[in-house]
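If you want the building blocks of each chain, they are given just below.
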Amino acid sequence: MSFAEHCNAIFDKVVADYHLTDNVDTPIQNPYKRDSIDHSLYTKCWIDTVQWHLEDIIRDPHIDPTDALSLKRRIDRSNQDRTDLVEQIDSHFRHTYSEVKPLPDARLNTESPAWAVDRLSILALKIYHMSEESKRPEATDEHRSRCAAKLAVLEEQRSDLTTAIDQLLEDIEAGRKYMKVYRQMKMYNDPTTNPVLYGNKG
């Protein structure tokens, strides 16, 4: 099993584990050894899965505004946690390939391996929920058919992305491409860079 295929297996497990309770407040039960890449991958997808459902809840047109504000702030924290996990996974790759000397004509990729893996995590969620929609009993035949067609595209997209990630890692290992990671430097959660936050100090 390739690395990206291994990621897909973990992400599918996370989504299945979450839906045992289907509750955004269910505590994470990460089965993998702490400090392992599998632990980081599981945690990353769990954050994505909870946030997916928080985004569903906040779109309820009848939600209480106070609850919506609380959810929005929870989603903001989740986004920061998600970014931190992606950077942690990229640190794993940087350590893994730290001894590789890039070839003179080595090229830079458009995104780091971890941000590509991040897209695999989201695809696992899209595939799960589109599959559910394609089989929803009370939906119309037209709806199920339309969702089945979308599901096929999502599965093809995941297959292509899985291949592309494995090829990228092969290129990095062979020195044909090199990693260069930029931290996201998110500003909205930082009290020193968000003018609304530092403007309220006094």
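So, here is what we can say about the structure in this document. Throughout this description, residue numbers start from 1 for each chain and increase along the sequence as written. The predicted nature of this model means local features are confined to residues of pLDDT at least 70 and side-chain atom pairs, given and counted, to a pLDDT of 80 or more, with totals for whole chains, interfaces and linings taken over all residues. Values reported for side chains reflect all heavy atoms of the structure, with hydrogen atoms and water molecules removed beforehand.

1. Quick look at the overall build of the protein chain
1) Next: Across its full length, the protein chain carries 6 helices and 2 strands.
2) Next: Put simply, DSSP H or I for four residues or longer makes a helix, DSSP E for two residues or longer makes a strand, and each gets a number counted from the N terminus. Counting from the amino terminus, helix and strand elements in the protein chain follow one another as α-α-α-β-α-α-β-α.
3) Next: Viewed in the frame of its principal axes, the protein chain has a C-alpha envelope of about 60 × 60 × 30 Å.
4) Next: The proportion of buried residues among the 202 residues of the protein chain is 38%.
5) Next: Here the open area of atoms and residues is found with the Shrake-Rupley method and a 1.4 Å probe, where only the protein chains shown may cover a residue. Here the protein chain has roughly 12500 Å² of accessible surface; of this, 52% comes from carbon and sulfur atoms.
6) Next: Counting rule applied: Lys, Arg positive; Asp, Glu negative; His and chain ends not counted. Charge positions come from single atoms, namely NZ of Lys, CZ of Arg, CG of Asp or CD of Glu. If you average the places of the 27 positive and of the 35 negative side-chain charges in the protein chain, the two averages end up 4 Å apart. Note on classification: 1.4 Å probe, protein chains only; a residue is buried when its accessible area is under 20% of the maximum for its type, exposed when over 50%, partly exposed between these limits.

2. Description of the packing of helix H4 (residues 113–134) against helix H5 (residues 141–174)
1) Next: In the contact formed by H4 and H5, the axes pass within 9 Å of each other and the chain directions differ by 160°. Considering their axes alone, H4 and H5 lie roughly antiparallel with respect to each other. Where H4 crosses over H5, the handedness of that crossing is left-handed.
2) Next: The residue inventory of the contact of H4 with H5, partitioned by class, reads 17 nonpolar, 5 polar and 7 charged. Axis geometry follows a simple rule: fit a line to the C-alpha atoms, using only the stretch in contact for helices, then measure angles between N-to-C directions, giving values from 0 to 180 degrees. Oblique is the label for every angle not falling under 35 degrees (roughly parallel), over 145 degrees (roughly antiparallel), or within 65 to 115 degrees (roughly perpendicular). Put simply, a crossing is left-handed when the front helix is turned counterclockwise from the back one by less than a right angle, and right-handed when it is turned clockwise. Side-chain classes are defined by residue name, with Ala, Val, Leu, Ile, Met, Phe, Trp, Tyr, Cys and Pro counting as nonpolar, Asp, Glu, Lys and Arg as charged, and the others, Gly among them, as polar.

3. Some details on the environment of Arg158
1) Next: Relative to the elements of secondary structure, Arg158 occurs in helix H5.
2) Next: The class of Arg158 is buried, set by a relative accessible area of 15%.
3) Next: Separated by 72 residues in sequence, Arg158 and Val86 place their C-alpha atoms 18 Å apart.
4) Next: We call two residues in contact whenever any of their non-hydrogen atoms come within 4.5 Å of each other. Ignoring anything within four residues of it in the chain, the contact list for Arg158 reads Asn8, Asp12, Leu120, Leu123, Ala124 and Ile127.
5) Next: Pairs of N or O atoms are called polar contacts if they sit within 3.5 Å, as long as, within protein, a hydrogen donor faces a hydrogen acceptor (for residues adjacent in sequence, only side-chain-to-side-chain pairs). One polar contact links Arg158 to Asp12, side chain to side chain, over a distance of 3.0 Å.

Remember, this is a structural readout, not a statement about activity or role.
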